[in-house]
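Listed below are the residues making up each chain.
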Amino acid sequence: EDQVTQSPEALRLQEGESSSLNCSYTVSGLRGLFWYRQDPGKGPEFLFTLYSAGEEKEKERLKATLTKKESFLHITAPKPEDSATYLCAVQVRIQGAQKLVFGQGTRLTINP
Amino acid sequence: KAGVTQTPRYLIKTRGQQVTLSCSPISGHRSVSWYQQTPGQGLQFLFEYFSETQRNKGNFPGRFSGRQFSNSRSEMNVSTLELGDSALYLCASSFRLPGHLGETQYFGPGTRLLVL
C-alpha cells in the first residue's frame, strides 16, 4: 500500500534557527514528490516538485531534496511568517489516472 | 491568472441532508481532483475528473459523487450526510493529462462543511 510518513508531527523553532523536515515514502510507480505549504483555513500552496533521486530545489529560505526513499525540506534562518503546516505528497499512477498520496504534515511554528 | 475557486466557502448542514460543492479550475486546466481533509485522517483523495470523465476514485462510500462539465468546472455531491462528513473539502486542478510525469496540482481555498 502506498504510504507517506512525515516527521516530526510538530516543530517549534526560534527565529533564525535552521532545521529540516522529513518525508519518507513507500510507493509503487512514483511519478513525482511534491511539497506544499498550508496556512490555517486555507488550501495547500504549491512549493516544489522533485522527480528523481539527487534532485534539489530552492526557494527563498526553503530547500527540498530527494533520495530514493525520502525527501527533506530544509529551512534556513526561518522567520515567523514561515509558520505553517508543510505537506509532502507523492504522485502515483493508478490505472491511467494520477493520485496524490499525502503525509499527515509537519506543523511548524517559528517564534520571534 | 485567477486561481482555483470553490463555492461556497462555508456550509452548515444537518444529518441526512445532501450538499453540492462547486469548483472552478484555473483557466485552461482540464483535470480536477477532489480531496477531503480532516484533523484525524489528513488529506484523502476522493476522485479525479478529466474531460468530463471520472478517471479515478478513492475509498469513499457511494454517497460521495461528482461530475465535470464541458467547461472543466466540477461539482461534488454528498448525500445523506453523516456527522463524520464534517471536513474541509479541497479541489485541485492541473493542466496536462492525468498521469503525466510530475504533473502539479494547484489547490483552491476549500469548502468547510459542518454537519450537525
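Before any of the text, the structure's been laid out above.
Quick caveat: nothing in here was measured; it's all calculated off a predicted structure.

Before going further, it helps to examine the sheet that holds strand β3 (residues 19–24) of chain B. Residues and elements named next belong to chain B. Taken together, the 4 strands give an open sheet; going across it, the order is β1-β3-β8-β7, and neighbouring strands pair in antiparallel fashion. The outermost strands of the open sheet, each flanked by one partner alone, are β1 (5–7) and β7 (64–68). With direction set aside, neighbouring strand axes in the sheet form an average angle of 20 degrees. In this sheet, β3 lies alongside β1 in antiparallel orientation, the contact comprising 3 bridges. Following the sheet pairing, Gln-6 is matched in β3 by Cys-23.

For an interface, size is often stated in terms of accessible area lost upon the parts coming together. Chain B puts 28 residues into the contact, and the matching count from chain A is 22 residues. Each partner contributes to the roughly 2000 Å² buried at the junction of chain B and chain A, and carbon and sulfur atoms together form 49% of this total. Summed over the shared surface of chain B and chain A, the result is 0 salt bridges. Linking chain B with chain A are 5 residue pairs in polar contact (both at pLDDT 80 or more).

Reading the values: rules and limits
- Residues numbered from 1 in each chain as written.
- Chains lettered and ligands numbered in written order.
- Predicted model: local features only at pLDDT ≥ 70, side-chain atom pairs only at ≥ 80, totals over all residues.
- Heavy atoms only, no water.
- Pairing = 2+ DSSP bridges.
- Helix = DSSP H or I, 4+ residues; strand = E, 2+ residues; numbered from the N terminus.
- Axes fitted to C-alpha atoms, helices over the stretch in contact; angles between N-to-C directions.
- Contact = heavy atoms within 4.5 Å.
- Buried area = accessible area lost by both parts, 1.4 Å probe.
- Salt bridge = Lys/Arg side-chain N within 4 Å of Asp/Glu carboxyl O.
- Polar contact = N/O pair within 3.5 Å; in protein donor to acceptor, adjacent residues only side chain to side chain.

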